[in-house]
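Secondary and tertiary structure notes
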Amino acid sequence: AQTVTQSQPEMSVQEAETVTLSCTYDTSENNYYLFWYKQPPSRQMILVIRQEAYKQQNATENRFSVNFQKAAKSFSLKISDSQLGDTAMYFCAFPAQGGSEKLVFGKGMKLTVNP
Amino acid sequence: DTGVSQDPRHKITKRGQNVTFRCDPISEHNRLYWYRQTLGQGPEFLTYFQNEAQLEKSRLLSDRFSAERPKGSFSTLEIQRTEQGDSAMYLCASRSPGAWTEAFFGQGTRLTVV
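Chains are numbered independently. Their residues run from 1 in the order of the written sequence. Ligands are numbered from 1 and chains lettered from A, in the order in which they are written. The predicted origin of the model limits local features to residues at a pLDDT of at least 70 and limits the giving and counting of side-chain atom pairs to 80 or more, whereas totals for whole chains, interfaces and linings rest on all residues. Excluding hydrogens and water, the side-chain values take into account all heavy atoms of the structure.

1. Re the pattern of salt bridges
Rules: A carboxyl oxygen of Asp or Glu within 4 Å of a side-chain nitrogen of Lys or Arg is what we treat as a salt bridge. Categorising residues by exposure relies on relative accessible area from a 1.4 Å probe, with only protein chains included: less than 20% of the type maximum marks a residue as buried, more than 50% marks it as exposed, and the intermediate range marks it as partly exposed. In DSSP terms, a helix is any run of H or I states spanning at least four residues, a strand is any run of E spanning at least two, and both are numbered starting from the N terminus.
Evaluated as defined, the whole model comprises 8 salt bridges over all chains. Between Asp-24 of chain B and Arg-22 of chain B there is a salt bridge; the shortest N-O distance is 2.7 Å. The class of Arg-22 of chain B is partly exposed, set by a relative accessible area of 35%. With a closest N to O distance of 3.4 Å, Arg-64 of chain B and Glu-83 of chain B form a salt bridge. Note that Arg-64 of chain B is positioned in the loop between strand S6 (53-57) and strand S7 (65-68) and Glu-83 of chain B in the loop between strand S8 (75-79) and strand S9 (88-95), a separation of 19 residues in sequence. According to the relative accessible area criterion, Arg-64 of chain B is buried, its value standing at 12%. Residues joined by salt bridges that share partners form a network here, namely Glu-101 of chain A together with Arg-31 and Arg-95 of chain B.

2. Things to note about the interface of chain A and chain B
In plain terms, the rule: What makes two residues a contact is simply this: any of their non-hydrogen atoms within 4.5 Å. Using a 1.4 Å probe, buried area is obtained as the accessible area two parts lose upon being combined, added over both of them. Polar contact is the term for a pair of N or O atoms within 3.5 Å; when the atoms are in protein, one must be able to donate a hydrogen and the other to accept it, and sequence-neighboring residues count only if both atoms are side-chain atoms. In the scheme used here, Gly and all other residues not listed as nonpolar or charged are polar, with Ala, Val, Leu, Ile, Met, Phe, Trp, Tyr, Cys and Pro taken as nonpolar and Asp, Glu, Lys and Arg as charged.
At the interface, 19 residues of chain A touch 22 residues of chain B. Across the chain A/chain B interface, buried area totals approximately 1800 Å², and carbon plus sulfur atoms make up 54% of it. Linking chain A with chain B are 2 salt bridges, by the criterion used here. Between Glu-101 of chain A and Arg-95 of chain B there is a salt bridge whose closest N-O contact spans 3.0 Å. The interface formed by chain A and chain B includes 8 residue pairs in polar contact (both at pLDDT 80 or more). Of all the elements in the fold, those that place two or more residues in the side of chain A that touches chain B are strand S5 (33-39), strand S6 (46-52), strand S10 (88-95) and strand S11 (103-105) of chain A. The leading source of residues in the side of chain A that touches chain B is S5 of chain A, at 4 residues. A per-class count over the side of chain A that touches chain B returns 9 nonpolar, 5 polar and 5 charged.

3. Overview of the pairing of S7 of chain B
All names here are of chain B. Inclusion rule: The pairing criterion for strands is at least two bridges between them, as found by DSSP.
The side-chain alternation of S7 yields one buried face, formed by Phe-65 and Ala-67, and one unburied face, formed by Ser-66 and Glu-68. Here S7 pairs with S8 via 4 bridges, running antiparallel. Of the residues in S8, the one forming a bridge with Ser-66 is Glu-78. Here S7 hands over to S8 after 6 residues, with Gly-72 in that stretch at a positive phi of 75 degrees.

4. What about the packing of aromatic side chains?
Centre-to-centre distance and the angle between the planes together describe a pair of aromatic rings. Where we set the bar: Pairing of aromatic side chains here covers Phe, Tyr and the six-membered ring of Trp, requires ring centres within 6.5 Å, and sorts the geometry by plane angle: under 30 degrees stacked, over 60 edge-to-face, intermediate tilted. Both a distance and an angle decide whether a charge sits over a ring: NZ of Lys or CZ of Arg must be within 6 Å of the ring centre and within 35 degrees of the ring normal.
For the structure shown, the criterion picks out 16 aromatic pairs over all chains. Residues Phe-105 of chain A and Tyr-35 of chain B carry aromatic rings whose centres are separated by 5.7 Å and whose planes lie at 85 degrees to one another, so their mutual orientation is edge-to-face. Linking Phe-105 of chain A in strand S11 with Tyr-35 of chain B in strand S4 (residues 31-37), this pair reaches from one chain into another. Taken together through their ring pairs, the aromatic side chains of Tyr-33, Phe-35, Tyr-37, Phe-91 and Phe-105 of chain A together with Tyr-35, Phe-45, Trp-100 and Phe-105 of chain B make up a single cluster. Taking the ring centre of Phe-74 of chain B as reference, the NZ or CZ of Arg-22 of chain B above it sits at 3.9 Å. Above the face of the Trp-100 of chain B ring, Arg-95 of chain B is positioned so that its terminal group lies 4.5 Å from the ring centre.

Shape is all these values report; function is a separate question.
Spelled out as structure tokens, the structure:
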């Protein structure tokens with residue numbers, strides 16, 4: 001079965017610091033996508049960043065970047081210059097194999113950015 | 001607001017009652033998803049529609065659950081004979097055609113079964 005593991009349930013950082021959220025996954029597929037979603041308190045989930053497994057270059061979106069290690073099945077998210085608005089639950093996710101439309105999510109990590 | 005909207009936002013019901021939730025996806029999105037999220041967990045997939053066709057269902061979707069998308073636009077999720085274990089946040093998401101385009105989520109319906 002495909003699984004996503006986020007081993008850190010909670011982290012706390014100071015504003016302007018850099019923080020890295022870890023994620024490991026298991027799949028037998030060779031070509032797939034990986035996602036980080038953010039769920040702020042009482043607000044809807046939004047996509048932070050997306051990585052295509054066949055691309056060697058790590059994806060970046062402004063202050064957000066990933067470290068994708070395909071062989072190790074690791075997909076960590078780095079947030080630079082943390083802002084108070086980054087406080088949220090963060091979920092790593094990827095599509096189930098076999099052409100499924102299902103996204104498999106990790107349990108999430110609660111990030112708190114302190115002033 | 002042209003995002004995904006869900007109604008109601010909160011629902012409290014007595015055990016054994018039926019409930020129905022509605023999701024209005026982004027208008028040009030042909031793909032629609034329902035997920036369930038319990039406290040401290042990530043979302044779990046329930047079902048997927050492409051236009052009006054329900055193409056994928058999770059084993060989590062027991063006989064008491066049914067979902068429809070009659071005209072390929074809005075969708076409803078009905079839970080019959082609710083149980084306390086059904087208490088959760090029910091999330092709807094939609095996305096446009098293409099290889100894993102961004103899925104947009106609604107704010108969810110929080111169900112509490114008492």
